[in-house]
Amino acid sequence: MTAPLPRPLRTQLENTVKTARDLAEQAARAALAQLAVGEAKAPDYLTDDLKALRRRLRAHGRALGDAKHQDDTQEVRRLVWEAAYEHWHRMLFARYLAENGLLLWEPGAPVSLDDCRDLVDQHPDLAMGAKSQWELAGRLAARMLPQVFKPHSPVFELTFAPEHQRELERLLADLPLEVFQASDSLGWVYQFWQARRKDEVNASEVKIGADELPAVTQLFTEPYMVDFLLHNSLGAWWAARRLSRMTCATPRPRTRCAARPRSPAYPWNTSASSAPPLAIAIG
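The paragraphs below set out a description of the structure included in this document. Numbering of residues begins from 1 in every chain and follows the order in which that chain's sequence is written. Selection of residues for local features in this predicted model requires a pLDDT of at least 70, selection of side-chain atom pairs for listing and counting requires 80 or more, and totals for whole chains, interfaces and linings are taken over all residues. Only hydrogens and water are removed before side-chain values are computed, so all heavy atoms of the structure are retained for them.

1. Description of the overall build of the chain
Counting secondary structure elements, the chain contains 9 helices and 4 strands. Strands are runs of DSSP state E lasting at least 2 residues, helices are runs of H or I lasting at least 4, and numbering of each runs from the N terminus. Start at the N end of the chain and walk to the C end: the helices and strands fall as α-α-α-β-β-α-α-α-α-α-α-β-β. The classification of residues rests on relative accessible area computed with a 1.4 Å probe and restricted to protein chains. Under 20% of the type maximum is buried, over 50% is exposed, and intermediate values are partly exposed. Residues counted as buried form 40% of the 283 residues belonging to the chain. We call two residues contacting when some pair of their heavy atoms lies within 4.5 Å. For the chain, the proportion of contacts with a sequence separation of at least 24, taken over those separated by at least 6, is 64%. The Shrake-Rupley method, run with a 1.4 Å probe sphere, supplies the accessible areas, and residue values consider only the shown protein chains as cover. Summed over its atoms, the accessible surface of the chain is roughly 16300 Å², and 54% of this surface lies on carbon and sulfur atoms.

2. Some remarks on the packing of helix α1 (residues 7–34) against helix α7 (residues 185–204)
A fitted line through C-alpha atoms represents every axis, and for helices the fit uses only the stretch in contact; the resulting angles, taken between N-to-C directions, go from 0 to 180 degrees. The geometry of α1 relative to α7 is characterised by a closest axis approach of 9 Å and an angle of 50 degrees between their N-to-C directions. When the axis of α1 is compared with that of α7, the two are oblique. Here the hand of the crossing between α1 and α7 comes out right-handed. Seen from α1, the contacting residues are Arg10, Leu13, Glu14, Val17, Lys18, Ala20, Arg21, Asp22 and Ala24; seen from α7, they are Ser185, Trp188, Val189, Phe192, Trp193, Gln194, Ala195, Arg196 and Arg197. We call Asp, Glu, Lys and Arg charged. Ala, Val, Leu, Ile, Met, Phe, Trp, Tyr, Cys and Pro are nonpolar, and the rest, Gly among them, are polar. Split by residue class, the contact of α1 with α7 holds 9 nonpolar, 2 polar and 7 charged. Should an angle fall under 35 degrees it is taken as roughly parallel, and over 145 as roughly antiparallel, whereas 65 to 115 is taken as roughly perpendicular and any remaining angle as oblique. Take the far helix as the reference: if the near one is turned anticlockwise from it by less than a right angle, the crossing is left-handed, and if turned clockwise, right-handed.

3. Quick notes on unusual backbone geometry
Phi at Asp72 is positive, roughly 75 degrees, even though this residue is not glycine. The class of Asp72 is partly exposed, set by a relative accessible area of 34%. Notably, Met128 is not glycine yet its phi reads approximately 60 degrees, a positive angle. Along the chain, Met128 falls in the loop between α4 (113–122) and α5 (133–144). A relative accessible area of 31% means that Met128 is categorised as partly exposed.

4. A word on the nonpolar core
What we call a nonpolar core is a set of buried Ala, Val, Leu, Ile, Met, Phe, Trp, Tyr and Cys residues that are connected through their side-chain atoms within 4.5 Å. With 57 residues, the main nonpolar core has Leu13, Leu57, Trp88, Leu103, Leu136, Leu168 and Leu172 as its most contacted residues. Of the residues forming this core, the biggest block, 11 residues, is contributed by helix α3 (residues 77–99).

5. Describing the pattern of salt bridges
Here, a salt bridge means any side-chain nitrogen of Lys or Arg that lies within 4 Å of a carboxyl oxygen of Asp or Glu. For the structure shown, the criterion picks out 11 salt bridges. Across the pair Glu157 and Arg56 runs a salt bridge whose closest N-O atoms are separated by 2.5 Å. Residue Glu157 is located in the loop between α5 and α6 (162–173), and its partner Arg56 is located in helix α2 (residues 48–64); the two are separated by 101 residues in the primary sequence. Assessed through its relative accessible area of 41%, Glu157 is described here as partly exposed. When salt bridges that share partners are traced, they join Glu167, Arg170 and Asp174 into one network.

6. Structural notes on α1
By this rule, a helix spans an expected 1.5 Å times one less than how many residues it contains. For α1, which comprises 28 residues, the first-to-last C-alpha distance of 40 Å matches the rise-based estimate of 40 Å (1.5 Å per residue) to within 8%. At the exit of α1 stands Ala36, carrying a positive phi of roughly 55 degrees.

7. Side note on the layout of surface pockets
For cavity detection a 1 Å grid was placed over the protein atoms alone, and a set of points counts as a cavity when a 1.4 Å probe fits there but cannot get out; an open set counts as a pocket when protein lies on both sides within 12 Å along at least five of seven lines, with lining residues being those that have an atom within 4 Å of a point. Grid points are joined across faces, edges and corners, and a volume is the space filled by probe spheres set on the points. Approximately 500 Å³ is the volume attributed to the largest pocket. Taken together, 18 residues make up the lining of the largest pocket; nearest its centre are Arg90, Glu135, Arg139, Phe156 and Leu158. Where the lining of the largest pocket is concerned, the elements lending two or more residues are α3, α5 and α6. Looking at which element gives the most residues to the lining of the largest pocket, the answer is α5, with 5 residues. Each residue belonging to the lining of the largest pocket can be placed in one class, and the counts come to 7 nonpolar, 5 polar and 6 charged.

8. Notes on the environment of Asp114
As for its position among the elements, Asp114 is in helix α4. It is 7.6 Å that separates the C-alpha atoms of Asp114 and Gln133, two residues lying 19 residues apart in sequence.

Structural data, given as structure tokens:
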């Protein structure tokens, strides 16, 4: 297993993800405004295809919980959130896959981001309609993970303005390779994406509802917490059966053993850099 993300890289990832959320939401809001998704009527300048996309986006927004008012205007807050999240994370997941040799053109045929660039530039007929390496990589990632990035979702038919798309791509490209090979970086991504929204919810002191729940729910458990739980459950069970009572300070039940037990297959230790030897309850 690779090592957890070092603190300097964790800080860089945090700053990048927070900036990416602000930028992606700005891009999504502008793209939806161009289609007048929140307005009562479709503009005359929209083609029939764009009018159909607008109707699908409005229906999708209502399914997410955006309210439609009596005058036919509609909120787009949740739709903005989803479009921003999906566009950024599809690119991000694509780089995770590519940097670990898991972005597949077909089973057994991994491709790199450079391969994606060459396909777009030299073989556009094979590029699945993508106009950039990141778009092609994202489409390949979505094809591999259809339950994560639903290929028929209307939010993926939104086109971000070129200046917004280029800046998102730059943010992603500037992250070093080590970020994508650390054991815990993908978990941190979700925490950092929700960080500012979580602060807003906590500061508002409102009752937690559907809008607030994703921001205040921690889905990622840091490695040192996992180690602590593992060592004091499975580790304690193993120690109770394998350690001699000679290693414990007192022989009475529920003694605490300060030794770090070692199994042949797993090193029992802690991730905290200055943590004392793990205390395991026995008995």
